[in-house]
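Residue-level structure breakdown
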Amino acid sequence: MKSLILATALTAAASMATAAEKYVLDASHSQVVFSYNHLGFSTTYGMFSGFEGEIMFDQDNPAASSVTVAMPVMSMFTGWEQREGHFMSGDFFDAEEGDMITFTSTGIEVTGDNTAKITGDLTMNDTTKSVVLDAKLNQTGDHPQAGKPWAGFDATTTVLRSDFGLGAFAPFVSDEVEVIISIEAMKAG
């Protein structure tokens, strides 16, 4: 009888506990767009796409979720080959094949029904700093073509490039870089 009661209690506890589920980024529908002021004349844009990452997503307790993302520095696209070459030079990244930009969440503060502040460690140019992403859950549900659970998120933040040893030509080229993130992720498995 004791073992039946214990088994029933354990089953009930297990059914009440929910765990984060692993989602992997859909590289074809995930982008990081950045912009900065160029000499006061224009806003210049660049983008990273096709990168990898995973989200441990707990829909019932979003604060228990986590995210990790890694993107090759040399995958940056600005629309101007000479600018990309300059960014990869010693003035900025001094990039080599295999250099990565990474983000690993360290905490999530739920701020609304579908919003949160995601704090994490951003590592770029061999420097790690804490940043906060203002994030929004766009939608969850079954993907109409893939037929599996899917989730979409948007986020924004501002970083100072000088914090990462990338401050060349500031303040003429703005030190502040606006970052817009939009990702889709599919349930793994």
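Heads up: these notes are all about the structure in this document. (Residues numbered from 1 in each chain as written. Predicted model: local features only at pLDDT ≥ 70, side-chain atom pairs only at ≥ 80, totals over all residues. Heavy atoms only, no water.)

**What about the pairing of strand 3 (residues 42–49)?**
Where strand 2 (residues 31–38) lies against strand 3, eight bridges are found, and the strand directions are antiparallel. When the bridges of strand 3 are listed, Y36 appears paired with T44. Where strand 2 folds back on strand 3, the antiparallel hairpin that results is connected by three residues, among which L39 adopts a positive phi of roughly 60°. (Pairing = 2+ DSSP bridges. Helix = DSSP H or I, 4+ residues; strand = E, 2+ residues; numbered from the N terminus.)

**Section: the environment of M76**
By the secondary structure assignment, M76 is in the loop between strand 5 (66–72) and helix 2 (81–88). Using a relative accessible area of 7% as the deciding quantity, one classes M76 as buried. Residues within four places of M76 in sequence aside, it is in contact with F34, M47, F48, E84, F87, M88 and F93. (Buried < 20%, exposed > 50% of the residue type's maximum accessible area, 1.4 Å probe, protein only. Contact = heavy atoms within 4.5 Å.)

**A closer look at the nonpolar core**
Ranked by internal contacts, the top residues of the largest apolar core, which has 41 residues, are F48, F51, I55, F93, I101 and L122. At five residues, strand 10 (residues 176–187) tops the list of elements feeding residues into this core. Once you skip the residues sitting within four places of it in the chain, L122 turns out to touch I101, T102, F103, T127, T128, K129, V131, V159 and F164. (Core = buried A, V, L, I, M, F, W, Y, C linked by side-chain atoms within 4.5 Å.)

**Observations regarding helix 2**
Taken as a whole, helix 2 has its buried residues at E84, F87 and M88. Relative to the axis of helix 2, the buried residues are bounded by an arc of 95° and lie together on one face. (Arc of directions from axis to C-beta.)

**A closer look at the packing of aromatic side chains**
Working definition: an aromatic ring pair is given by the centre-to-centre distance plus the angle between the planes. Using the criterion set out here, one finds six aromatic pairs in the structure. Taking the centre distance of 5.2 Å and the plane angle of 90° together, the rings of F87 and F92 count as edge-to-face. Relative to F169, the ring of F92 lies with its centre 6.0 Å away and its plane at 50°, an arrangement referred to as tilted. Of the two residues, F92 sits in the loop between helix 2 and strand 6 (100–110) while F169 sits in the loop between strand 9 (149–160) and strand 10, which places them 77 residues apart along the sequence. (Phe/Tyr/Trp six-rings, centres within 6.5 Å; stacked < 30°, edge-to-face > 60°.)

**Comments concerning unusual backbone geometry**
Following A170, the chain continues to P171 via a peptide bond in cis, the omega torsion being 5°. Positive phi is not limited to glycine here, since D126 has a value of about 65°. Here D126 is to be found in the loop between strand 7 (115–124) and strand 8 (127–142). Positive phi is not limited to glycine here, since F169 has a value of about 70°.

**Things to note about the pairing of strand 9**
Note: strand 8 against strand 9, eight bridges, orientation antiparallel. Across the sheet, residue Q139 finds its bridge partner in strand 9, namely G152. Between strand 8 and strand 9, which pair antiparallel and follow one another directly, the connecting turn spans six residues, one of which, G147, has a positive phi of 65°. Two elements, strand 9 and strand 10, share 11 bridges in a ladder whose sense is antiparallel. Note that in strand 10 the partner of T158 across the bridge is E178.

**Some details on the environment of D134**
Along the chain, D134 turns up in strand 8. Sequence-wise, D134 and E184 are 50 residues apart; in three dimensions their C-alpha atoms are separated by 16 Å. Excluding its chain neighbours within four sequence positions, the residues that come into contact with D134 are A116, K117, D154, A155 and T156. A polar side-chain atom of D134 sits 2.4 Å from a polar atom in the side chain of K117. (Polar contact = N/O pair within 3.5 Å; in protein donor to acceptor, adjacent residues only side chain to side chain.)

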